[in-house]
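A look at the structure
Next come the chains, spelled out residue by residue.
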Amino acid sequence: MEEDDKKLLDDKPLMEDDTEELEDPEVVLDCVPREAEQKAGLGSSCPGIEQSKDKQKQRLTAQEKMQASLLRRDLSQVDQLHEEKDLFIQKTRGELRACRRRMELLVKQQESVAAEMAAERAANNMAAMGRLEAASQRLCSELKNEWDLQARMMAVLQQSESALWQIEVQEGQLEDARKSAQEEAAAARRGLQERAAKQLDREMGASEKAEQNRLLRARRCVHLQKELGLRQQKLVEEAQKNHRKALKFLKASLGRIREQEQKEELETREHMRRRMDAVLALKNSISANRETLRKFQAWGQTKRELAEQQAQAEKKAILAQGGDAFKHLCHQRRRQELEAQNRAFEEEQKRRKQEIVSRLLKEEAVEDRRRPRPEPPRPAGQRSLRDQTWSYVATVCDGQNAEAPPCCPLPDVPGQRPGPAPEQIKENKSRFYQSSLLLTAISSESVQGDGSSLSGEDTLAWPEIPGLWKEDYKPFQVSKEDVDRKPVGGTKMDKDILARTMQRLRSGVIHKQVASGREFRGCPFNSKPKFIHFKDFDVGKVYKKKITLINATYTINYCKLVGVDEGLQDFIHVDFDPPGPLSAGMSCEVLVTFKPMINKDLEGNVSFLAQTGGFSVPLKCSTKKCSLSLDKELIDFGSYTVGETAIRTITLTNTGGLGTRFRFLLASETCEMDTSQSALKLSSIFTYEDKSFYDKFTTSFSEHQMEGNESSPTDVPSQKESGKLDVKEQEEGHPIGETTEGDIGPFSSIKVPVIFTPIVPGTVQNSFKVVFKNQQCPTLYFKVIGVAIDVPVWVLKPNVDLKICMYDRLYQDSILVHTRSKAALRLKFEVCKELRGHMELLPETGYIQALSSYSVQLKFLPRHSLPEDAGKYFDKETRVLEAPMTIWVADQIKPLGFTVHAVVTTSDLELSPAGLDFGYCTIYEAIRTQISLCNHSLLPQEFGFVGLPKFVNIQPNDGFGTILPLETLQLDVIFQPTKAKEYNFELICKSEINRCFKLACRAVGVHPPLELSHYQIKFAATSLYDTSVATLYVINSHLSMNSLTHSVPRIGSEDAFPVGPTSFEFLLPPDSPITISPLVGTVWPGKRCLVRVAFRPVLPSELIHQEAFQALSRKAEIKLSHKETVTQRKDQRRPSFSMLRLQNQDRLLQASASQPPEVQKEDLASSSQEYQSAQASLTRSFQGKFDKFVVPCVVASGDTKDRKGTEPLSFSPHNTLYLELWCPAVAPSIVVTSDKGKTIINFGDIAAGHRGIKKVSIQNISPEDLDLEYSVLNPDGPFVLLNPTIRLPSGETQVLDLSFSPRESVLAQETLDIITKKGTLSLALMGTGVASTITCSIEGDVLNMGYVIARESVSLGFKLQNNSLLPIKFSMQLDSLSSRSRDQHRLPQFLASPDQRTEVVGTQNYSGQSVFSVVPVEGIMEPGKAQDFTVTFSPDHESLYFSDRLQVVLFEKKVSHHILLKGAAREHMMFVEGGDPLDVPVESLTVIPPFDLEHREEAEELKPILVTLDYVQLDPDTQAPPATRELQVGCIRTTQLSAKKTVEFSMDNIAALQHKGFTIEPSKGSVERGQTKAISISWTPPIDFDVGAWEPFPPGEGWGASVGEVGSATKRKHVPAAPPD
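What this report covers is the structure whose coordinates are included nearby. As the structure is a prediction and not an experimental result, all values here were calculated from the model.

Details of the overall build of the chain
The number of helices and strands found in the chain is 19 helices and 75 strands. Per-residue burial over the chain gives 32% buried out of 1621 residues. Contacts in the chain between residues at least 24 apart in sequence constitute 72% of all its contacts with a sequence separation of at least 6. Accessible surface, the chain: about 103000 Å² in total, of which carbon and sulfur atoms supply 53%.

In structure tokens form, the structure reads like this:
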């Protein structure tokens, strides 16, 4: 509360300051009307004044409202403070009264205790005396505490009362404001009520008008409804009439359409039947050609072998002759390639000739069709043009030893199309036979006779377009002009126009779709289903499927069908009605119809075009196929007596849609399934010239053959047939089988029985296979195993496997004994004597009935003595037991045996270590230690730790689980004490067989005097060089030593920790990225201390140095290799490549061995370029790191301030607290890519008042877009971020512009933080502001050019020195030439008083040219250098007041120096200076016209010079010195030619002046050019001079008193002088 009171009292001056600040604008606003009135009084009123007044009133009203709201807020705050302070004072007074009552009670108790002590002292009761003394001391201490409390409360009460008084004073000050605020609020309420009443009236009037309008609209509605009803009735009657008329026409049209559809359906069916027949014929011809292709392949293989043998023979012959076989083969190969090239060239020529011939024929046909006329009778011996062409082609072929044009079809129907005669075909056949044997086979099999034989057969060919082959069919005629006009494929211009048109159409149809700033990418429509699959189709049937296209874009989209792939156009038809614009999520349907014509797999796409791009839906059509499999690959019959029969079944399953014929055979047998052979029919002649055609032909047919035969669409699936496979045993002992075959239909299965009838005892096994008529189906194999025995009694399981058994556990199994004897037999069961203590067969004796079975019970209880008792039957290494059992059969000599197998293992679990000592552990932490649980058994065992105390936890799975054989599990035992004491307990682990394993544990619980608010801090993923901060508290809750009411801090069972200040210290691990503040502190009882923990991951400096050294080493190696390359190029002697490589390796090794020590000697500073580059590269490639730190916090009693010097506190190691920190470090989400990744932006030296800009590129290397925030730079500082970016997409780079504008010479440094949700990137900004200082060689900043003859010029120079460290850009500006001086509107200078004249621009030239000029006008001064300037004075008329100001401007901004330029001009060489001015320093606005030089002197008048002499005589008895002044007579140096170098001067009226007391010396003399001479004028008043009376004298004679006038003037005349020697 005290702190709150202080805060409330401290806020009071703030309110007063706010009030003062609010009152200031009123003063400013009051001044505005006065200024306006003054301006209006001057006559400069403007029409915008009224408008400005209205704006000012509005602004005043807004500010008054703001001031009133702030005042109301202050009043409410003051009232609230008053109430809170009053409540606090009342509460404090109540506590003070309670304190006083407690003090009175304590005083009474002290008095009673004192009386009791006196009584006990009299009774000499020492025990009671001690108790009473302790009570008295306690009462004294409590009374003292109460006194202290009363004093503090009184002080607080006084402070509160004073604060309350101040608040009441402030309320009194604000009472007027409160009343005015209340009045304003009441006025506002009244205004609101009035406005509400007015608004209500307006609304009532509006509602009445609205009601009238509603009634008017209702009347109009009724009238319109009546009119619409009449119109609708007329429309209905007309529609009924039109409907009756249209119905008649519709019925007639529908009848015609149905008849047409029926006709088209019949034609379609007929067309389909013919095409199916053609496809079947083609399939039969392909199957017939396979044998021919096999012959071709064999022929080709034989030919290649013969060629290889011939090449080997040639090679051997050449080698035998001593020649070079390789060279000969190379020459031969080149010769063959050359021959092949020649043949290709000849074929190309032949092809071009054929094209020419075909084009000629086409042109002739076109010309004939264009001009049809009857053919004149042709002579018998004259041939047609086509015959001539064929003869020409035949001649060319004979001359070049080539074949006829390829793909020349034979005429199927005579008279259809003109073609070569059968004799020519036979002649061609003979030539084909001469060329190659393969062509002979093709021609002999493809053409089996002349045209008559072909015409006698029914052809299966049918034209694609009905009526194409009819005799009366006339194809489309193309005019010869059109053929000749454009080449094939169009001209180049046509192609360009077509390409541009298509590109324009695509660009107009497809465009990007952007919605809410997001661009849609991907497939615009989703298909459902995504894949169209027509499976197991039949040729001739029609299949239909519907797909749904769903708009997956962001907004409205369109969809258009483009079509299907070219290979599917004959079979697939797509019905799609474009739905128009589809909104996002809407769908449309597409109907795909598949009408197969051939039995072949088809794949392709259905393409669509959307507004955002094209997409396609994949389509696949699968034929019926066979998919066959067997349910098992091994059939084990087991043991059967000779003569018995066993049957097992094997299932053959077909999951495909095509049936086939199968046959079961032995694996060693071969059998060919029957295949239908048909005659080979070819409808065209195949011709070729080189072997490439044969290779393609054979390859395509071989691939077709490998794919397998497709079933004919006319095949009917056969019914299921089952067969039997008998496996018999002959005398030789080899099984044979009877073949079984049948047909399996689609999607069906067949069970085939396998019969086993052994004849000879022994093991029988055989392999079988299943072959199929469809060659596409692979052959299936399976194996059959059986055992034949001949004893009457046998055991079904001769080997009894008990698996893995544990010691001291009972295992049972039943052994089934069978007999094939027809009589009852007595059986005796016997166990070997070594195992009789562990194994038992019950019963020991029994009878088995005829042709039945008998069951014996086997009991196995292994003891730990089994390894010693079993002897040879037990393997100690593998723990395997093989126990032979014997069954004695009556009347049978040979006993029946069987073997019992078992692996015997132990059930022990081992815990290590044998005992756990957790040591000292505080109640605020948990200690985790690992124990090992080892399973020595060969079986997995379930285990669990039971009966765990509350302060112990075992993980994982709370101490329960399953341990695998011979496995060792690591378990975590977590101990967390609940109070301070010594712990001794046991952990019990039980296995599934209820075995117990114990682990003894001990620990000491510690209750430390301090505690932490958080013992574990998990920092968020922090980027490199970023900082994450967390806070926690160190709490001291130890207030009392009473252990009965609460637990007190102690170590185990030791004494309790004392109450008082307790110190702590955090011990940070070395080289850790953790910072804790404060590290050391003291916490008083009942208090807490705030601790700040910061995590800032950085890269290790050693790693950065290593990366930098590697980069330097690579650079050095590159330089060394470059030098070596240059040296090798200069060397004229070139050694071998191997020697060079060895030398380079040696040099590189020497460089790598010698360079790192040199590099390591260099100490890389953190600011060096190599260090920062290595740091940036490592930061970008950082993969992340996770560290876990445990920081101990030691605790000691006492205050750290009580230590003497550096004396350490006594920290107890057992009272240590531990703080666990999880510190994940990740790569920064944003990195700097410019300047090699440097985060230090150094602007360098920038002149004060100027700005430097640096560009920093940052890149988002995270996988998601980031929002950027920036830390606030110093508003008054020189650094500014010019283009802050709000969002940075993933992977993109943004350039930030940073400016540095120093205002003074200063070294500036700031940090700019770029903050994202994943981290912060800090940029260090540095720069130095340098002041630009220059010095001028002109003293006083005034440059007087002196006197100059008018229309002549004179020049003077001066220097500027650059004393700064930066080059300075300068420019010289004259005020007379600047626009600023011209734009200033002031009174003329000749009207102003001398005191008001501040202009520095004096008289200017009449010609408009500048009087003064400076060179150079602008440039750059280097640091420490000087610049020379030349000022030229060029007047064009006489004046004494030529002046101007020259400004030195630096960097086009700052004015460094103001230099005043002065000068005077005379028409004559002589001039006089001094005296009082008699004219104004500014010329009149009227320009006096100049006179000619001849008459100028006559026109000039003598100008008087006024010299005022002040004679002061203080003592009448002592004569004062005369009053003296000087005049300067000078001669101007000129460029005009003159005979003499000197000019004479003289004074007139000297006598009159001397009479009045004036003395002039000298009165005459001469002056050289460029020199001046002084004339001294002194005045002493004469004796008769009356000071009180004086009269003005006419000009030239002077006047009395203290003023004398020299009424004469110097008379100038040229005195001829002698010429120079």
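Looking at helix α5 (residues 325–370)
Between its first and last C-alpha atoms α5 spans 67 Å; for 46 residues at 1.5 Å apiece the expected length is 68 Å, and the two agree. Taken residue by residue, α5 has A325, Q332, K350, Q354, V357, L361 and V366 as its buried positions.

Remarks on the pattern of salt bridges
Once their charged atoms are close, side chains differing in charge can pair, the charge on each being opposite to the other. Using the criterion set out here, one finds 37 salt bridges in the structure. Taking the shortest distance from any N to any O, the salt bridge between R93 and E161 comes out at 2.9 Å. Here E161 lies in helix α3 (residues 126–173) and R93 lies in helix α2 (residues 49–123), a separation of 68 residues in the sequence. The network of salt bridges with shared partners includes E270, R273, R274 and D277.

Brief notes about the environment of I598
Tracing the backbone through its elements, the reader meets I598 in the loop between β8 (587–594) and β9 (602–610). Judged by its relative accessible area of 27%, I598 is partly exposed. Ignoring sequence-local partners within four residues, the contact set of I598 consists of V279, F537, V539 and F571.

What to know about the sheet that holds strand β31 (residues 909–912)
Read from one edge to the other, the open sheet built from 4 strands follows the order β31-β33-β37-β35, with strand pairing classed as antiparallel. A single partner strand is all that each edge strand has here, and the edge strands are β31 and β35 (952–955). This sheet shows a mean twist of 30° between the axes of neighbouring strands, independent of strand direction. Bridge count between β35 and strand β37 (residues 968–975): 4 bridges; the pairing is antiparallel. Bridge pairing in β37 links V952 to F975.

Looking at the nonpolar core
Core analysis: the biggest nonpolar cluster contains 35 residues, and V817, M839, L841, F860, L881, F898 and V900 have the highest contact counts within it. Setting aside chain neighbours within four positions, we find F860 in contact with L802, C805, R809, L810, Y811, H838, M839, L866, L881, A902 and V904. Grouped together as the second largest cluster of nonpolar side chains are 33 residues, L1010, L1012, L1219 and L1221 included.

What to know about a positive patch on the surface
Together, K1115, K1119, K1123 and K1236 line one region of the surface with positive charge. By the element assignment, K1123 lies in helix α14 (residues 1101–1130).

Looking at the packing of aromatic side chains
A complete count under the given rule lists 31 aromatic pairs for this structure. Aromatic side chains F951 and F985 sit 5.3 Å apart centroid to centroid with 70° between the ring planes, which places their arrangement in the edge-to-face category. You can see F951 sitting in the loop between β34 (941–946) and β35 and its partner F985 sitting in strand β38 (residues 982–991), a full 34 residues away along the chain. According to the relative accessible area criterion, F951 is buried, its value standing at 16%. Residue class for F985 comes out buried when judged on its relative accessible area of 11%. A network of ring pairs unites the aromatic residues F918, F951, F975, Y983 and F985 as a single cluster.

Regarding the pairing of strand β23 (residues 811–819)
In the case of a regular strand, side chains alternate between the two sheet surfaces. Both strand β21 (residues 793–795) and β23 contribute to a ladder of 3 bridges, which runs antiparallel. Along β23, the bridge assignment pairs V793 with T819. Here 8 bridges tie β23 to strand β27 (residues 853–860), and the two strands are oriented antiparallel to one another. Pairing of Y811 across the sheet is with F860, part of β27.

Things to note about the packing of helix α4 (residues 175–320) against α5
Where α4 contacts α5, the two axes come as close as 9 Å, and the packing angle between them is 135°. Of the possible angle classes, the one that applies to α4 and α5 is oblique. The two elements α4 and α5 meet at a crossing, and its hand is right-handed. Across from E314, K315, I318 and L319 in α4, the residues of α5 making contact are A325, H328 and Q332. Classifying every residue of the contact of α4 with α5 by side-chain character gives 3 nonpolar, 2 polar and 2 charged.

Some words on the sheet that holds strand β52 (residues 1240–1247)
Taken together, the 4 strands give an open sheet; going across it, the order is β52-β60-β59-β55, and neighbouring strands pair in mixed fashion. Only two strands of the sheet have a single neighbouring strand rather than two, namely β52 and β55 (1269–1270). The pairing of strand β59 (residues 1306–1316) with strand β60 (residues 1319–1330) spans 11 bridges and is antiparallel. Bridge assignment links A1308 to a residue of β60, and that residue is G1327.

Points about the packing of α3 against α4
Viewed as axis vectors pointing N to C, α3 and α4 meet at an angle of 50°, and their least axial separation amounts to 4 Å. Relative to α4, the element α3 lies oblique. Where α3 abuts α4, its residues E171, G172 and Q173 lie against E175, D176 and R178. When grouped by side-chain class, the residues that make up the contact of α3 with α4 number no nonpolar, 2 polar and 4 charged.

Comments concerning unusual backbone geometry
Of the consecutive residues L842 and P843, the connecting peptide bond is found in the cis state with omega at -5°. Turning to its location among the elements, P843 is positioned in the loop between β25 (839–842) and β26 (845–848). The omega torsion across S912 and P913 is 0°, close enough to zero to call that bond cis. Along the polypeptide, P913 turns up in the loop between β31 and β32 (915–922). One non-glycine residue, K803, adopts positive backbone phi at about 60°. Its location among the elements puts K803 in strand β22 (residues 799–806). Given a relative accessible area of 56%, K803 falls into the exposed group. The phi dihedral of L966 falls on the positive side, at around 55°, and the residue is not glycine. Within the element layout of this structure, L966 appears in the loop between β36 (960–963) and β37. Classification of L966 by relative accessible area gives exposed; the value is 57%.

What counts, and where the lines are drawn
- Residues numbered from 1 in each chain as written.
- Predicted model: local features only at pLDDT ≥ 70, side-chain atom pairs only at ≥ 80, totals over all residues.
- Heavy atoms only, no water.
- Helix = DSSP H or I, 4+ residues; strand = E, 2+ residues; numbered from the N terminus.
- Buried < 20%, exposed > 50% of the residue type's maximum accessible area, 1.4 Å probe, protein only.
- Contact = heavy atoms within 4.5 Å.
- Areas by Shrake-Rupley, 256 points an atom, 1.4 Å probe, with all protein chains shown as cover.
- Expected span 1.5 Å × (residues − 1).
- Salt bridge = Lys/Arg side-chain N within 4 Å of Asp/Glu carboxyl O.
- Pairing = 2+ DSSP bridges.
- Axes fitted to C-alpha atoms, helices over the stretch in contact; angles between N-to-C directions.
- Core = buried A, V, L, I, M, F, W, Y, C linked by side-chain atoms within 4.5 Å.
- Patch = residues over 30% accessible without salt bridge, like charges linked within 9 Å, V, L, I, M, F, W, Y side chains within 5 Å.
- Lys, Arg positive; Asp, Glu negative; His and termini not counted.
- Charge placed at Lys NZ, Arg CZ, Asp CG, Glu CD.
- Phe/Tyr/Trp six-rings, centres within 6.5 Å; stacked < 30°, edge-to-face > 60°.
- Parallel < 35°, antiparallel > 145°, perpendicular 65-115°, else oblique.
- Left-handed = near helix turned anticlockwise from the far one by under 90°.
- Nonpolar A, V, L, I, M, F, W, Y, C, P; charged D, E, K, R; others polar.

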